[in-house]
Amino acid sequence: MRITDIQVYRVDLPLKEGQYNWSGGKSVSVFDSTIVRVGTDAGLVGYGESCPLGPVYLASHAGGVRAGLAELAPHLIGADPTQLGVLNQLMDARLKGHPHVKSPLDVACWDISGQAAGVPVCSLLGGRFGAEVVLYRAISKDSPENMAAKVDGYRAEGYTRFQLKVGDDPDLDIERIRAAAARLRPGDRLVADANTGWLQHEALRVIQGVRDIDVYIEQPCLSYEECLAVRAHCHHPFVLDEVINDTPTLLRAVSERAMDVVNLKISKFGGLTRTRLARDLCVELGVAMTIEDTWGGDIVTAAIAHLAHSTPEALRFTSTDFNSYGTVSMADGAPQRVNGRMAAAVIPGLGVRPRAEVLGPPVLSFH
Ligand code: MG
């Protein structure tokens, strides 16, 4: 099978709640998502999606996804989309780094590979563990009262895992965590994600201030070394996210006992091929995972569902249904949250059928 053409689309994804706020005053109201359609000489078509969390979360931005695709996509015409190892080597030979550019191409080729094999992508990734994938809800940075109220609101929608966006003034963050924790019920889990927003001394103050609370602490500081220093004084379960972007860093963090849970984002690692490698290592090493992406719509959510569903349940800390945060649905067949859970599609490939009227005309086209 050969890749015959690659089309690139841009879809804006406004948020139902208007804005998503996290540490350092960072905020997004409309996510700019890039959709890739890979066509083949076998008539099979695959889709992938890359949606950075704005331009100041990781070293990625939406315009850069498309600029990178303009550089990389022409080199993939004629390649076999089912030979994912060869394909990833080819991408690395033609563009250094830029995992968020390679991710939608890699995911689209997994979609094609699943269709070619007649099985859902999760079957190729290891199989389907359990009936469903348990989801968390991110709670945008707001006043302690409003964030606490959202715990109740999201629980009414079926969520039992809540991730608070903190990383602000330590005293205010302590209030936020305490207010939200007061709303928890047995079985709920609470994560305070500072998204690199605290200095070391601030992180230590917050941790001391919530010492009696059952809460996970996620990515307190900017650098790996700062997080490691904070971790040494932290009695709470500890999650690393922004500083774990590749397999060597993941292995270093495991060997240095830098975390209890790691956040694996598909576009951060460069697609399903590399995130699966990280996932499999975590399974072998006993490290629990949040399996998700930076952001996205229906196609990203489908890719998350397949990777999460093919991960042993005990190692799945949680995942995200990004397609429920936005007002725009771009595809039929995407996972839909039911009672705080979702499932990977059972039909071959990713199982998504994007709607042409939502994608609009391609912004880039390669033959
Ligand atoms: Mg995080």
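1. Some points on the side chain of Ser60
Then comes step 1: Tracing the backbone shows Ser60 in the loop between strand E5 (45–50) and helix H1 (62–72).
Then comes step 2: What makes Ser60 buried here is its relative accessible area of 8%.

2. So, the packing of aromatic side chains
Then comes step 1: Applying the stated criterion across every chain, the model contains nine aromatic pairs.
Then comes step 2: Ring centres of Trp295 and Phe322 lie 4.6 Å apart, and the angle between their planes is 45 degrees; on these two criteria the pair is classed as tilted. Remark: Phe322 occurs in the loop between strand E14 (316–319) and strand E15 (331–332) and Trp295 occurs in the loop between strand E13 (288–292) and helix H12 (298–309); sequence separation between them is 27 residues. Each of the two residues, Trp295 as well as Phe322, counts as buried.
Then comes step 3: Grouped by ring-pair contacts, the aromatic residues Tyr20, Trp22, Phe31, Tyr57, Trp295, Phe322 and Tyr325 constitute a single cluster.
Then comes step 4: A cation over an aromatic ring shows up here: Arg137 above the ring of Tyr325, its NZ or CZ 3.6 Å from the ring centre.

3. Brief notes about the domain arrangement of the protein chain
Then comes step 1: The domain boundaries assigned to the protein chain delineate domain 1 (3–119 + 354–366) and domain 2 (124–350).
Then comes step 2: At the interface, 44 residues of domain 1 touch 50 residues of domain 2.
Then comes step 3: Interface area lost by domain 1 to domain 2 is led by Tyr57, Trp110 and Arg355, which between them contribute 17%.
Then comes step 4: The interface formed by domain 1 and domain 2 includes four salt bridges.
Then comes step 5: In this structure, Glu17 engages Arg137 in a salt bridge whose closest nitrogen and oxygen atoms are separated by 4.0 Å.
Then comes step 6: Mapped by element, the contributors of at least two residues to the side of domain 1 that touches domain 2 are strand E1 (3–14), strand E2 (20–22), strand E4 (30–40), E5, helix H2 (84–94) and helix H3 (99–117).
Then comes step 7: Ranked by the residues each element gives to the side of domain 1 that touches domain 2, the list is headed by H3, at 12 residues.
Then comes step 8: When the residues that make up the side of domain 1 that touches domain 2 are grouped by side-chain class, the tally is 22 nonpolar, 13 polar and nine charged.

Basis of the calculations
- Residues numbered from 1 in each chain as written.
- Predicted model: local features only at pLDDT ≥ 70, side-chain atom pairs only at ≥ 80, totals over all residues.
- Heavy atoms only, no water.
- Helix = DSSP H or I, 4+ residues; strand = E, 2+ residues; numbered from the N terminus.
- Buried < 20%, exposed > 50% of the residue type's maximum accessible area, 1.4 Å probe, protein only.
- Phe/Tyr/Trp six-rings, centres within 6.5 Å; stacked < 30°, edge-to-face > 60°.
- Lys NZ or Arg CZ within 6 Å of the ring centre and 35° of its normal.
- Domains from an automatic or database assignment.
- Contact = heavy atoms within 4.5 Å.
- Buried area = accessible area lost by both parts, 1.4 Å probe.
- Salt bridge = Lys/Arg side-chain N within 4 Å of Asp/Glu carboxyl O.
- Nonpolar A, V, L, I, M, F, W, Y, C, P; charged D, E, K, R; others polar.

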